[in-house]
Amino acid sequence: ERGVFRAIQKVYASFYNDNAVLERLRLDVNESEVGMALLVHPSFPDEKELANGVATLEKKGPTDNTILSLVTQLGAVSVTNPTDTSIPEEVTITVLPNGTVVPPSTKNIQSPSSLVPLGGTVMTWSKDYTDLAGLLIRVSDQYTQMSGKTAYTLDLEYKKVAPGDKTLPAGGLVIKQVRPVPEPNQT
């Protein structure tokens, strides 16, 4: 419990680190108008992680297909900063404007993971990928409802965990974090 409180203190203290102060000065941000948020979510023991990944969901408008890019790694191996030379799997999935997931085929695999046997996939093909796409679309629908936006890009983190963990006893797929990707400054 003490470790959680230390982590929270460290995050809040980062508001006043040199880089944060300099960025606020550079961008002329009034400190009295700035808020701080903290995301706390359950952790999953490495031995329970069957897969982890990052999804990019690109929605260009209400009548356009949604494109999902899934970058997944086996177990708890980092997708973005692996400690070895492992390469994550990359899969692209299309979702029609009505929310129907186009069933993925092996041609959707842009790049295989270096940690699975040749011809294999990190998660169960194609069920896990279709199920994950469904979860991502549900999150996207909620984001549309909450924000009122119909065109955006979201960055999402997900995991597939084995049964038996107290956080997700039955195991399965879970979305851990969702972040909107900022639009490029047009000026």
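Just above, that's the structure.
Now for a quick tour of the structure. (Residues numbered from 1 in each chain as written. Predicted model: local features only at pLDDT ≥ 70, side-chain atom pairs only at ≥ 80, totals over all residues. Heavy atoms only, no water.)

1. A few points about the side chain of Thr-121
Step number 1: Residue position: Thr-121 is located in the loop between β4 (109–111) and α3 (127–147).
Step number 2: The class for Thr-121 is buried, based on a relative accessible area of 19%.
Step number 3: At 2.6 Å, the side chain of Thr-121 and the backbone oxygen of Met-123 are in polar contact.
Step number 4: Apart from the residues lying within four places of it in its own chain, the contact partners of Thr-121 are Glu-89, Ile-109, Val-116 and Tyr-129. (Helix = DSSP H or I, 4+ residues; strand = E, 2+ residues; numbered from the N terminus. Buried < 20%, exposed > 50% of the residue type's maximum accessible area, 1.4 Å probe, protein only. Polar contact = N/O pair within 3.5 Å; in protein donor to acceptor, adjacent residues only side chain to side chain. Contact = heavy atoms within 4.5 Å.)

2. Describing a nonpolar patch on the surface
Step number 1: Nonpolar side chains collect at one region of the surface, where Val-11, Tyr-12, Met-36, Leu-38 and Val-40 lie side by side and expose about 400 Å² of accessible area between them.
Step number 2: Secondary-structure assignment places Met-36 in the loop between α2 (18–26) and β1 (49–59). (Patch = residues over 30% accessible without salt bridge, like charges linked within 9 Å, V, L, I, M, F, W, Y side chains within 5 Å. Areas by Shrake-Rupley, 256 points an atom, 1.4 Å probe, with all protein chains shown as cover. Salt bridge = Lys/Arg side-chain N within 4 Å of Asp/Glu carboxyl O.)

3. Topic: the nonpolar core
Step number 1: Formed by 22 residues in total, the largest nonpolar core has its most connected members in Leu-57, Leu-68, Leu-70, Ile-93, Met-123, Tyr-129 and Leu-136.
Step number 2: Contributions of two or more residues to this core are made by β1, β2 (66–74), β3 (89–95), α3 and β5 (152–161).
Step number 3: Apart from residues no more than four positions distant in its own chain, Tyr-129 is found in contact with Leu-70, Glu-89, Val-91, Ile-93, Pro-104, Thr-121, Val-122, Met-123 and Thr-124. (Core = buried A, V, L, I, M, F, W, Y, C linked by side-chain atoms within 4.5 Å.)

4. Re the pairing of β1
Step number 1: Two strands pair when backbone bridges link them, and β1 and β5 are joined in this way by 10 bridges, in the antiparallel orientation. Bridge assignment links Leu-57 to a residue of β5, and that residue is Leu-154.
Step number 2: The antiparallel pairing of β1 with β2 creates a hairpin that spans 6 residues between the two strands. (Pairing = 2+ DSSP bridges.)

5. A word on the side chain of Asp-165
Step number 1: Within the secondary structure layout, Asp-165 lies in the loop between β5 and β6 (172–180).
Step number 2: The side chain of Asp-165 sits in the buried core without any salt bridge; Lys-48 is the nearest counter-charge, 6.6 Å away.
Step number 3: Setting aside residues no more than four positions away along its own chain, Asp-165 makes contact with Ser-43, Phe-44, Pro-45 and Lys-48. (Lys, Arg positive; Asp, Glu negative; His and termini not counted.)

6. Observations regarding the packing of aromatic side chains
Step number 1: In the structure shown here, the tally under the stated rule is 3 aromatic pairs.
Step number 2: Judged by centre distance (4.7 Å) and plane angle (85°), the rings of Phe-15 and Tyr-16 are edge-to-face.
Step number 3: A relative accessible area of 13% means that Phe-15 is categorised as buried.
Step number 4: Exposure remark for Tyr-16: the relative accessible area of 54% places this residue in the exposed category.
Step number 5: Taking the centre distance of 4.8 Å and the plane angle of 55° together, the rings of Trp-125 and Tyr-129 count as tilted.
Step number 6: You can call Tyr-129 buried: its relative accessible area is 0%.
Step number 7: The side chain of Arg-24 reaches across the aromatic face of Phe-15, ending 3.9 Å from its centre.
Step number 8: Taking NZ or CZ as reference, Arg-24 lies 5.9 Å from the ring centre of Tyr-16, over its face. (Phe/Tyr/Trp six-rings, centres within 6.5 Å; stacked < 30°, edge-to-face > 60°. Lys NZ or Arg CZ within 6 Å of the ring centre and 35° of its normal.)

7. Some points on α3
Step number 1: Between the first and last C-alpha of α3 there are 30 Å, a value that for 21 residues agrees with the 30 Å anticipated at 1.5 Å per step.
Step number 2: Turning to α3, its buried residues number three or more, namely Asp-128, Tyr-129, Leu-132, Ala-133, Leu-136, Ile-137, Ser-140 and Tyr-143.
Step number 3: Turning to α3, the residues buried within the fold contact β1, β2, β3, β5 and β6.
Step number 4: In the segment just after α3, Gly-148 is the residue with positive phi, at about 80°. (Expected span 1.5 Å × (residues − 1).)

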